[in-house]
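# Structural characterization, general
Each chain, written out:
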Amino acid sequence: MRRPMKTVWKFLASLKLAVALLILLAVGAAVGTLAPQGGRGVGYPSGRGSSSGIARALQLDHVYGSIWFMALLGLFSLNTIACTASRLPAKFRRTFGVPGDFDAASLQGAKARGSLGVSRAADEAAAACEAVLRGRGFRVFRKDDGAGVRLTGRKRRLGLFGSDLVHAGLLVVIVGGVVSGLGSRSWRLALIEGGRSSFASAGFSVRLDKFDTEYYPGGRVKDWKSRLTVMENGRTAAEGTVEVNRPLRYKGYDMYQSAYGKDWAATPLGIELRKGGAKPYARTVMVKPGTRVETGDAEFTSVTVRNFVPDFVVGDNRHVESRSDEPNNAAAFVEVRKGEAIVFSGWTFANYPGFRMKPQGKTEGKSADEDKDSLTVVLRKPAAVEYSVIEVRRDPGTPFIWAGCLFVVLGLGLAFYWRPAEVRLALKGVPGGTEIAAGANGSAGAESLNKELETIIGKIRSGE
Amino acid sequence: MSEAVFFTLAFALYIAAGAFFLVSLFGRPKWSDLAAWPLAGGLILHTVALVMRTVVSGHAPFTNMYESMSFLSWAVVAAYFVFNRKKSRTRLGPFLVLMVILLMAVTSSPLMPKTIEPLVPALQSYWLWLHVSVTLLGEAFFAVAFIAGLLYLTAPSDEKRKEYDALGYKAVAIGFPLFTLGGLIFGMIWAYKAWGTYWSWDPKEVWSLVTWFVYALYLHTRIVMGWSGKRSAMVAVIGFLSALFTFFGVNYLLRGLHSYV
């Protein structure tokens, strides 16, 4: 490699870079939680001011999609690849190749040590040792020369590659994130019962058959259940009940119970018309807001609901507003006609049936002793038609994410719980038999290495 | 006997263990062995309290701050017993139990509402069991590493420093895989099932990632750069502070989908 390339490679493959990146990523991510994201933050006065300008230039309002965060992640990926690529081949050779030679003296520095004497000749003893080692799961390598026999046993070597598997997993996760970022799509469908939504690009449509809200005894929401039918080519392709934590899957699209709402515009309101006197009249007409219903009746020919608010309040600008979506103070502006003539026009309140308000805001006050001949218009307490919000998502990145996560977990398992051990035995023929010096090393802890060595020595002895 | 009674009894036994440990620090080292008895007793009663809470509420005992902190305290004591198989003369016991007592004190304070609430739809999933328990178990081991780190930084001798360094590493070696699996991976799977997206950069998710980066830093600098020692201990301390912020700070100081305060 040429010099500049070599320097770049060395830099990319350095652990110092990894350490620096971990610190920068941690700090950068943390900063993103402290600065309001999404641009709607209170901290960003719209317009001028040096701090908001700097914040926006640094893309602090969308840290996780910002250029510098992406660059850090990109550099992190390159660093991981470079570190692995530069170290893996040698590691592979060292781990699976024939181990280097050693002498008995070097065993003094091992994590675990032991020794024993046996009455057999070196050759026989070596064969016995090999058998014991193999029985304990070691892969054995043997070297014979004038100084004696040296055996190297290795096991759980795969554990050395746990970190590489973790790194591979992280890269796959990052790839998955990129794929998600580029290719995921989502749609929010607000459906009332019987309503249907089409996905032209996907070729199917979703219909909400039933929507239920279940409540706990205290009144809090327990569950939302949406029964959905997926139709494709005019036929039912799939159906199921969607709840939070229980999505429905069809052809790579996942459908989630995301939210719900009240659809007052689709809610028929019960308008009661009552008249006393000689010819009593009582009738309830169901009228949706903004519509007119012909009664088919001679007395009062039509009822119109000009306006409806579930939670009536007169705002600062003297306009009628709704404080919330809940029917805390339901009010309807009703017009009742007899032929072409308007016989009633005004606000009627579900909670205050006797109270009436004229369009210009002049109140008529409670008419408790109303003329029995006059018309009373009462709004029944309404129950909204509810709509279910189903979120449909398609994310091609998720298989990569799950695969990456699996690699990470397996890799961590290998790295921390599948610890490699290497046992070395140096055999030397002495008058009367053979002396065996033993040492054990590896990332396994000293305790377990000692135990392993004790077991091996015990087995060699008992084979006597 | 209600769950609250068992909790209080466990708390009392933890305090007793703390008292024994305190004595052991002032020239009577054998008392640290005795402390294991009230500590174990407290753990058993605490387990009963958690089981009772589960039975009475009908859901996992970690759906609000009170329950989660109780579980975390329990997990830290359990982690201590995992570590203390040999009689050791380190000061891990006294200071870890001090932390447990502080945690229990906050848990039983009025800051943590104890009413049993039925589960909101988003929490109705078996992932609640897996995600929260494994994460808190991991954090319990991070707590051990935290104490080991602080003890390292204030250790009187090289020999003690070596012991605390090894303890800290062992704790992170157990805690890191648990936290990765429980916090990040199970969290991502559950988010995908509940909200349709495995990662939304919400403050709790981001801070658990920050915590993860810090412990990854710990492992890298130790294993490969030979930073073991003072710097290592400091990183372990910072990591736990980050974990605490993820657990507490995010709920109270930042807002998001995850604020189950």
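The structure reproduced in this document is the subject of the present report. (Residues numbered from 1 in each chain as written. Chains lettered and ligands numbered in written order. Predicted model: local features only at pLDDT ≥ 70, side-chain atom pairs only at ≥ 80, totals over all residues. Heavy atoms only, no water.)

### Quick notes on the overall build of chain A
As a reminder of what qualifies: The numbering of helices and of strands both runs from the N terminus, where a helix is a DSSP run of H or I of at least 4 residues and a strand a run of E of at least 2. Based on C-alpha atoms, the radius of gyration is set beside the globule rule, defined as 2.2 Å times the residue count to the power 0.38. Only protein chains enter the accessibility calculation, which uses a 1.4 Å probe; a residue whose area is less than 20% of its type maximum is buried, one above 50% is exposed, and one in between is partly exposed. In what follows, a contact means two residues having at least one pair of non-hydrogen atoms within 4.5 Å. For the area figures, the Shrake-Rupley method with a 1.4 Å probe applies, and any residue is considered shielded solely by the protein chains shown.
Of regular secondary structure, chain A possesses 8 helices and 23 strands. The C-alpha atoms of chain A give a radius of gyration of 40 Å, which is well past the 23 Å a tight globule of 464 residues would have. The C-alpha extent of chain A, read off along each of the three principal axes, is 135 × 55 × 45 Å. With 464 residues in all, chain A has 43% of them scored as buried. Counted over contacts in chain A with a minimum sequence separation of 6, partners at least 24 positions apart contribute 58%. By element, 56% of the accessible surface of chain A is carried by carbon and sulfur atoms, the whole surface being about 24600 Å².

### Focus: the packing of aromatic side chains
Under the convention used in this document: Paired rings are identified among Phe, Tyr and Trp, the last through its six-membered ring, by centres lying within 6.5 Å, and are further divided according to the angle between planes into stacked (under 30 degrees), edge-to-face (over 60) and tilted (the rest).
Evaluated as defined, the whole model comprises 38 aromatic pairs over all chains. Arranged with centres 5.2 Å apart and planes meeting at 80 degrees, the rings of Phe204(A) and Tyr253(A) form a pair that is edge-to-face. On the criterion of sequence distance, the pair formed by Phe204(A) in strand 6 (residues 204–215) and Tyr253(A) in strand 10 (residues 253–263) is long-range, its members being 49 residues apart. Accessibility classification places Phe204(A) together with Tyr253(A) in one group, the buried group. Pairing Phe7(B) with Tyr66(B) gives two aromatic rings, centres 5.7 Å apart and planes at 45 degrees, and the pair type is tilted.

### Focus: empty space enclosed by the protein
Residue and element names in this part refer to chain B. Which entries qualify depends on this criterion: Using a 1 Å grid laid over the protein atoms alone, points where a 1.4 Å probe fits but cannot get out form a cavity; open sets with protein on both sides within 12 Å along at least 5 of 7 lines form a pocket; any residue with an atom within 4 Å of a point counts as lining. Grid points are joined across faces, edges and corners, and a volume is the space filled by probe spheres set on the points. Any residue that is not Ala, Val, Leu, Ile, Met, Phe, Trp, Tyr, Cys, Pro, Asp, Glu, Lys or Arg is counted as polar, Gly included; the first ten are nonpolar and the last four charged.
All chains considered together, the criterion is met by 3 cavities of 30 Å³ or more. One number sums up the size of the second largest cavity: a volume of about 70 Å³. Taken together, 14 residues line the second largest cavity, and the ones lying closest to its centre are Gly149, Tyr164, Asp165, Gly168 and Ala233. Secondary structure elements with two or more residues in the lining of the second largest cavity: helix 6 (127–153), helix 7 (158–195), helix 8 (203–223) and helix 9 (230–253). Tallied by class, the residues present in the lining of the second largest cavity amount to 8 nonpolar, 4 polar and 2 charged.

### Here we look at the interface of chain A and chain B
How big an interface is tends to be expressed through the accessible area that disappears when the partners come together. Defined as follows: Buried area counts how much accessible surface, traced with a 1.4 Å probe, disappears from two parts once they are put together, with both parts' losses summed. What makes a salt bridge here is a side-chain nitrogen of Lys or Arg within 4 Å of a carboxyl oxygen of Asp or Glu, nothing more.
Between chain A and chain B, the contact holds 43 residues from the first and 41 residues from the second. Buried surface at the junction of chain A and chain B, both sides included, amounts to about 3800 Å², of which 72% is carbon and sulfur. The tally of links from chain A across to chain B stands at 1 salt bridge. One salt bridge in this structure joins Arg220(A) and Glu117(B), with 3.8 Å as the shortest N-O distance.

### Regarding the pattern of salt bridges
Residues and elements named next belong to chain A. Considering all chains together, one arrives at 36 salt bridges over all chains under this definition. Its salt-bridge partner being Glu272, residue Arg380 comes within 3.0 Å of it at the nearest N-O pair. Of this pair, Arg380 sits in the loop between strand 20 (375–379) and strand 21 (385–394) while Glu272 sits in strand 11 (residues 269–275), and the two are 108 residues apart along the sequence. By relative accessible area, Arg380 is classed as partly exposed at 41%.

### What about a nonpolar patch on the surface?
Going by this rule: Note that patches include only residues with greater than 30% relative accessible area and no salt bridge, and the join distances are 9 Å for like charges and 5 Å for nonpolar side chains (Val, Leu, Ile, Met, Phe, Trp, Tyr).
On the surface, a nonpolar cluster with roughly 410 Å² of combined accessible area is contributed by Phe92(A), Phe96(A), Leu158(A) and Trp418(A). With respect to the helices and strands, Trp418(A) occurs in the loop between helix 7 (398–417) and strand 22 (421–430).

### Quick word on the sheet that holds strand 4 (residues 185–192) of chain A
Residues and elements named next belong to chain A. Rules: Between any two strands, pairing holds if DSSP finds at least two bridges. Helix axes are fitted to C-alpha atoms over the stretch in contact, other axes to C-alpha atoms as well, and angles between N-to-C directions run from 0 to 180 degrees.
Strand order across the open sheet formed by 4 strands is 4-21-10-9, with antiparallel pairing between neighbours. Of all strands in the sheet, those bounded by a partner on one side alone are strand 4 and strand 9 (248–250). For this sheet the average axis-to-axis angle between neighbouring strands, irrespective of direction, equals 30 degrees. Where strand 9 and strand 10 come together, 3 bridges link them in antiparallel fashion.

### A short note on the packing of helix 3 (residues 36–57) of chain B against helix 4 (residues 65–83) of chain B
All names here are of chain B. Inclusion rule: By definition, any crossing whose near helix is turned counterclockwise from its far helix by less than a right angle is left-handed, and any crossing with a clockwise turn is right-handed.
One way to put it is that helix 3 packs onto helix 4 with a least axis distance of 10 Å and a crossing angle of 145 degrees. Of the two possible hands of crossing, helix 3 and helix 4 adopt the one that is left-handed. For the pair helix 3 and helix 4, contact is made by Ala36, Leu39, Ala40, Leu43, His46, Thr47, Leu50 and Arg53 and by Tyr66, Glu67, Ser70, Phe71, Ser73, Trp74, Val77, Ala78, Tyr80 and Phe81, respectively. Across the contact of helix 3 with helix 4, the residue classes tally to 12 nonpolar, 4 polar and 2 charged.

### Points about helix 4 (residues 67–96) of chain A
Residues and elements named next belong to chain A. Selection rule: Expected span of a helix, by definition, is 1.5 Å for each gap between consecutive residues, and there is one gap fewer than residues. By definition, a residue's bend is the angle between the axes fitted to the seven residues ending there and the seven starting there.
For helix 4, spanning 30 residues, the distance from its first C-alpha to its last is 42 Å, which sits close to the expected 44 Å at 1.5 Å a residue. Along its length, helix 4 shows its largest kink, about 40 degrees, at Leu88, and proline Pro89 lies within four residues downstream of that point. Contacts from the buried residues of helix 4 go to helix 1 (3–12), helix 2 (15–34), strand 3 (148–155) and helix 6 (162–183).

### Quick notes on the pairing of strand 17 (residues 331–338) of chain A
Within a regular strand, the side chains alternate between the two sheet faces. Residue and element names in this part refer to chain A. Judged by how many residues are buried, strand 17 sits mostly within the fold: 7 of 8 residues are covered. Taken together, the 7 bridges between strand 14 (residues 302–309) and strand 17 define a ladder with antiparallel strand orientation. If you follow Val305 over to strand 17, its bridge partner there is Val334. As judged from the 8 bridges shared by strand 17 and strand 18 (residues 341–349), these two strands associate in the antiparallel manner. Within strand 18, the position partnered with Ala331 by the bridge is Phe349.

### Overview of helix 4 of chain B
Residues and elements named next belong to chain B. Using the following cut-off: We define a polar contact as two N or O atoms separated by no more than 3.5 Å, with the added condition that, inside protein, one atom must be a possible hydrogen donor and the other a possible acceptor, whereas residues neighbouring each other in sequence contribute only through side-chain atom pairs.
With 19 residues, helix 4 ought to run about 27 Å at 1.5 Å a step, and its terminal C-alpha atoms sit 27 Å apart, in line with that. Within helix 4, 17 of the 19 residues are buried, which leaves it mostly tucked inside the rest of the structure. For helix 4, the N-terminal cap is Asn64; the gap from its side-chain oxygen to the backbone nitrogen of Tyr66 is 3.3 Å.

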